[in-house]
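The residues making up each chain are set out below.
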Amino acid sequence: MKILKQLFNATRSHFETGGKLAKLHPLFDAIETVAFAPALPTRADTHVRDSLDLKRFMTFVIIALLPPFFYGIYNTGYQAGMAAGLDAGFAASMLRGAWVVLPMLMVSYGVGLFWEILFASVRGHKISEGFLVTGLLFPMTLPPTIPLWQVAVGISFGVVIGKEIFGGTGRNILNPALTGRAFLFFAYPVNMSGDRVWTAVQQTGQQAVDAVTAATPLALSPLAASGETVTRILADAGYTFQRLFVGNLPGSVGETSTLMILAGAIFLLVTGVANYRIMLGGVLGVLAVAYPGYLLNLSSGGETARLFSVHPAWHLVMGSFAFGIVYMATDPVSAPGMNLSRWIYGFIIGALTVMIRVFNPAYPEGTMLAILFMNIFAPLIDHFVIKARLSKRVPNV
């Protein structure tokens, strides 16, 4: 480390104002910040200090993402191996999944960092550590069969349109990773939805298996015939509650395992990085909408919307709700800042998720749209909560 520190000290003058590489100072600063903690002395008056700086904050989020990320690699390889009749052992599945997922991750980081460096150089800003989280989150929201050029287009849209045009990290009103995914979903729906996008391309002898039919639980839900429950449809396809919770099923890379996501959520809560009010509010929102519909479905003999026939707890482990409410909705920039606002924000996200799933059979997964929709209203919720508190302090005249 001492040699590395000497190298930074010897080359720093070239990247400072007046140096030959002054335009690349944001890149130099970012690399040095990753290697060493910034040694900036306090020059102003006494101020509040906190050990949880931005660098450590983002590092904790990345650590929390590792359980669903590594499970996503395994599950991607396992699903592909089972579809192609190959070895489905742990080691073989990890290698097969890494061959699919790691290129997506490298493209996401490579292209995204290009835009980060470009905007930082033009504006004279530092490169924020926030992209380390966005670059990892984005490929985890995608199906494993997504073309790499679409990964590049999606992360470009998310970084440039979702963040940089608002001024960069800390000023964006939308979650950049979700913004990029939403763009891909509406721009290239064939590669983002349907039964043939969830199992990665594999090679079997001389024959290439492009894709197989591997419907996700939410994709099967609208297939329930009159009088037939979604639970029965899922059971016939082998989707039990336990399997949905563990995550051994087709889906986006990081969304399938509620168990691994729960492990990450506990880490975020213990370290104080994420706010439990948003997560718990989301769960309460799901149950508050799903339970009345479930009871109504039972009393009416199954004549209401089909997804109301599934037990409300299943909504918590189906699709991307768990991943979204833990990692996306808790984004400190695009989420509200007041505690009451966080309860309201999370609750409405959960409620909207169920309503989109139930009343729009063509688009059974509603978590992404629910979070983006509430990103827009987060400042408004904070505004009214603060206004209500201030009104109680105004003396009666």
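Residues numbered from 1 in each chain as written. Predicted model: local features only at pLDDT ≥ 70, side-chain atom pairs only at ≥ 80, totals over all residues. Heavy atoms only, no water.

Visitor: Before we move on, can you summarise the nonpolar core with the specific residues and values?
Guide: Membership of the largest hydrophobic core comes to 69 residues, with the highest contact counts inside it found for L65, Y327 and Y345. Looking at this core element by element, the count peaks at 8 residues for helix α16 (residues 367-393). Among the nonpolar cores identified, the runner-up in size contains 10 residues, and V230, Y239, L249 and W314 belong to it. (Core = buried A, V, L, I, M, F, W, Y, C linked by side-chain atoms within 4.5 Å. Buried < 20%, exposed > 50% of the residue type's maximum accessible area, 1.4 Å probe, protein only. Helix = DSSP H or I, 4+ residues; strand = E, 2+ residues; numbered from the N terminus.)

Visitor: Describe the UniProt feature "transmembrane region" (unreviewed entry) in the protein, naming the residues involved and giving the relevant values.
Guide: Those places that UniProt annotates as "transmembrane region" (unreviewed entry) correspond, in this numbering, to residues 57-74, 94-118, 259-292, 312-330, 342-360 and 366-386. Secondary structure content for residues 259-292 is 85% helix and 0% strand, while the C-alpha to C-alpha distance between its ends is 26 Å. For the annotated span residues 342-360, helix accounts for 95% and strand for 0% of the residues, and the straight-line distance between the end C-alpha atoms is 26 Å. (UniProt positions renumbered as here; feature names shortened; annotations may be inferred.)

Visitor: Mind laying out the pattern of salt bridges, listing which residues take part and the relevant values?
Guide: Scanning the model with the defined rule gives 2 salt bridges in all. Put simply, E164 and R123 hold a salt bridge, and the shortest N to O gap is 2.9 Å. Pair noted here: E164 is in the loop between α6 (148-160) and α7 (176-187) and R123 is in helix α4 (residues 90-123), with a separation of 41 residues, a long-range link. The buried category is assigned to E164, whose relative accessible area is 5%. (Salt bridge = Lys/Arg side-chain N within 4 Å of Asp/Glu carboxyl O.)

Visitor: Before we move on, could you go through the UniProt feature "modified residue: FMN phosphoryl threonine" (unreviewed entry) in the protein and cite the residues and values that matter?
Guide: Following the UniProt record, one finds the feature "modified residue: FMN phosphoryl threonine" (unreviewed entry) at T216. Mapped onto the secondary structure, T216 falls in the loop between β2 (207-209) and α8 (217-220).

Visitor: Please provide a residue-by-residue account of the packing of aromatic side chains, values included.
Guide: The tally for this structure, following the rule as stated, stands at 15 aromatic pairs. For the pair F157 and F183, a centre-to-centre distance of 4.2 Å together with 10 degrees between the ring planes defines the contact as stacked. Placement of F157 in helix α6 and of F183 in helix α7 is noted, with a sequence separation of 26 residues between them. Overall, the relative accessible area of 25% leaves F183 in the partly exposed class. A ring pair is formed by F373 and F377, whose centres lie 4.9 Å apart and whose planes are at 45 degrees; its orientation type is tilted. You can see F373 and its partner F377 sitting in helix α16, 4 residues apart, about one turn around the helix. With a relative accessible area of 41%, F373 lands in the partly exposed category. Among the residues examined, F377 registers a relative accessible area of 31% and is labelled partly exposed. Three or more aromatic residues joined by ring pairs form one cluster here, namely Y71, Y74, Y78 and F90. (Phe/Tyr/Trp six-rings, centres within 6.5 Å; stacked < 30°, edge-to-face > 60°.)

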